[in-house]
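So you can see what is in the structure, the chains are spelled out below.
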Amino acid sequence: MLHTRELYDRSHDRAEALLRQITPPQLAAPTPCEDWTVGQLSLHMTDHLKYISSVDTGLDDLDGMVPFREGGGEWRLETALAATALELTTHSWDLARALGVDDRINPEVLATLWERFLSDGPGPPRGPGLIGPVVPMPASDPLHERFLGRMGRNPYAPLPAAAPVEV
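Anyway, here's the lowdown on the structure attached to this text. Just so it is clear, the structure is predicted and the values come from calculations on it, not from any experiment.

Thresholds, definitions, all that
Residues numbered from 1 in each chain as written. Predicted model: local features only at pLDDT ≥ 70, side-chain atom pairs only at ≥ 80, totals over all residues. Heavy atoms only, no water. Helix = DSSP H or I, 4+ residues; strand = E, 2+ residues; numbered from the N terminus. Expected span 1.5 Å × (residues − 1). Buried < 20%, exposed > 50% of the residue type's maximum accessible area, 1.4 Å probe, protein only. Contact = heavy atoms within 4.5 Å. Arc of directions from axis to C-beta.

**Quick notes on helix α2 (residues 38-55)**
Here comes step 1: The terminal C-alpha atoms of α2, which comprises 18 residues, lie 26 Å apart, in line with the 26 Å expected from a rise of 1.5 Å per residue.
Here comes step 2: Taken as a whole, α2 has its buried residues at Val-38, Gly-39, Leu-41, Ser-42, His-44, Met-45, His-48, Leu-49, Tyr-51, Ile-52 and Val-55.
Here comes step 3: Buried residues belonging to α2 abut α1 (4-21), β1 (65-67), β2 (74-76) and α3 (77-99).

Below, the structure is given as structure tokens:
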């Protein structure tokens, strides 16, 4: 398993690389995130990156308390980094699919996130504005597909149709 800082750094780097690939015509394209365009998803991902930049001092003290991104309260920096890595990794897959580029997740990142968040429970909170319902995947499927299913994604589904452009 990756150390939390390495987990976050790899997730961050992948997200940044994908965000740099977006071209203006792609901003209105659909994503696997229901009702979100590439532009909306990129703003959401950028918000997460800015949040970590604002709370992460870069020191090895991962036990320090930092404010939640929204809603008040605090959590350990270590938890903030890991949870944001989960969010960025999932949305990086969404963005890669929408852009039509390689959507594979780094195997070490995948294994670490699975072990930390998904191996023995329902995973992160679900509901409106959060993660959608689990998409059941056979236990025989590769971890990549089972991870995506647990994160409310169907790796086999086509992208939704693009919204018509008003003239």
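**A word on α1**
Here comes step 1: The first and last C-alpha atoms of α1 sit 26 Å apart over 18 residues, in line with the 26 Å expected at 1.5 Å per residue.
Here comes step 2: Every buried residue of α1 is accounted for by Thr-4, Arg-5, Leu-7, Tyr-8, Ser-11, Ala-15, Leu-18 and Leu-19. Buried positions in α1, seen along its axis, are confined to an arc of 165° and lie on one side of it.
Here comes step 3: Buried residues in α1 make contact with α2, α3 and α4 (107-118).

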